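# Per-entry structural report
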Amino acid sequence: YLQKHLRRPFHFHRKIQEQRETQDYPTFIKFLFRKDDNGQTLASKLFNFTLLAVSFGFVFFSVFNIDKGMTRGWSPSEIGMRIPLDTWASYENSLS
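To keep things clear, this report deals only with the structure shown in the data block. Residue positions are given per chain, counting from 1 as you read along its sequence in written order. Thresholds applied to this predicted model are a pLDDT of at least 70 for local features of residues and 80 or more for the giving and counting of side-chain atom pairs; totals over whole chains, interfaces and linings are not thresholded and use all residues. To get the side-chain values, all heavy atoms of the structure are used, and hydrogens and water are removed first.

## Concerning the overall build of the protein
Operational definition: Per the convention used, a helix needs a DSSP run of H or I reaching at least four residues, while a strand needs a run of E reaching at least two, with both numbered from the N terminus. Type-normalised accessible area, obtained with a 1.4 Å probe on protein chains alone, sets the label of each residue: buried when under 20%, exposed when over 50%, and partly exposed for intermediate values. Computed with a 1.4 Å probe, the accessible areas rest on the Shrake-Rupley method; for each residue, only the protein chains presented here act as cover.
Secondary structure assignment for the protein yields 5 helices and 0 strands. Starting at the N terminus and walking to the C terminus, you meet the elements of the protein as α-α-α-α-α. Across the 96 residues in the protein, those meeting the buried criterion constitute 6%. A total of about 9,100 Å² of accessible surface is found on the protein, and carbon and sulfur atoms cover 62% of it.

Here is the structure:
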């Protein structure tokens, strides 16, 4: 008895769906979530770019900051010569 009377008529659900479809979002939000030819949105592209930039930035910082303590007073060419060797040694040590 209660389920029959608590059910909403079909036209009620259709009205809610129409309201959702006609709801107007700000232009900037529409622009961010508009899909391109590949089905990707600008928001997803920005998120992916940010994630990659942070990841590569961390790796870049880690590689070029590996000799920070022991290279005080060295010239840039001396530091550039030591970075690949010490990075490779650190990589080999991490494998064992």
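Back to the text.
## Quick look at the environment of I83
Here I83 shows up in helix α5 (residues 76-95). By relative accessible area, I83 is classed as buried at 9%. Each C-alpha atom of the pair I83 and N65 lies 8.6 Å from the other, and the pair is 18 residues apart in sequence.

## Some thoughts on the packing of aromatic side chains
Selection criterion: Between the rings of Phe, Tyr and Trp (Trp by its six-membered ring), a pair exists once the centres lie within 6.5 Å; its type follows the angle of the planes, with under 30 degrees stacked, over 60 edge-to-face, and the other angles tilted.
Applying the stated criterion across every chain, the model contains 1 aromatic pair. Judged by centre distance (5.3 Å) and plane angle (45 degrees), the ring pair of W88 and Y91 falls under tilted. With a gap of 3 residues between them, W88 and Y91 both fall in helix α5, about one helical turn apart.

## A few points about the side chain of T41
We count it as follows: Two residues form a contact once any of their heavy atoms are found within 4.5 Å.
Locating T41 in the fold gives a position in the loop between α3 (27-32) and α4 (42-64). Given a relative accessible area of 12%, T41 falls into the buried group. If we ignore the near neighbours within four places in the chain, the residues touching T41 are L32, F33, R34 and K35.

## Quick notes on the pattern of salt bridges
As a reminder of what qualifies: Only one rule defines a salt bridge in this text: a Lys or Arg side-chain nitrogen within 4 Å of an Asp or Glu carboxyl oxygen.
Counting across every chain of the model gives 2 salt bridges. K45 is paired through a salt bridge with D36; the nearest N and O atoms lie 2.7 Å apart. Measuring nitrogen to oxygen at the nearest pair gives 2.7 Å for the salt bridge that ties D86 to R82. One end of the pair is D86 and the other is R82, both in helix α5 and 4 residues apart, which spans about a single turn.

## As for a nonpolar patch on the surface
Basically, it comes down to this: Within the patch definition used here, like charges are joined within 9 Å and nonpolar side chains (Val, Leu, Ile, Met, Phe, Trp, Tyr) within 5 Å, considering only residues with over 30% relative accessible area and no salt bridge.
Together, Y25, F28, I29, F31 and F33 give the surface a local cluster of nonpolar side chains, amounting to about 540 Å² of exposed area. The residue F31 is located in helix α3 in this model. F31 sits in the partly exposed class, given a relative accessible area of 43%.

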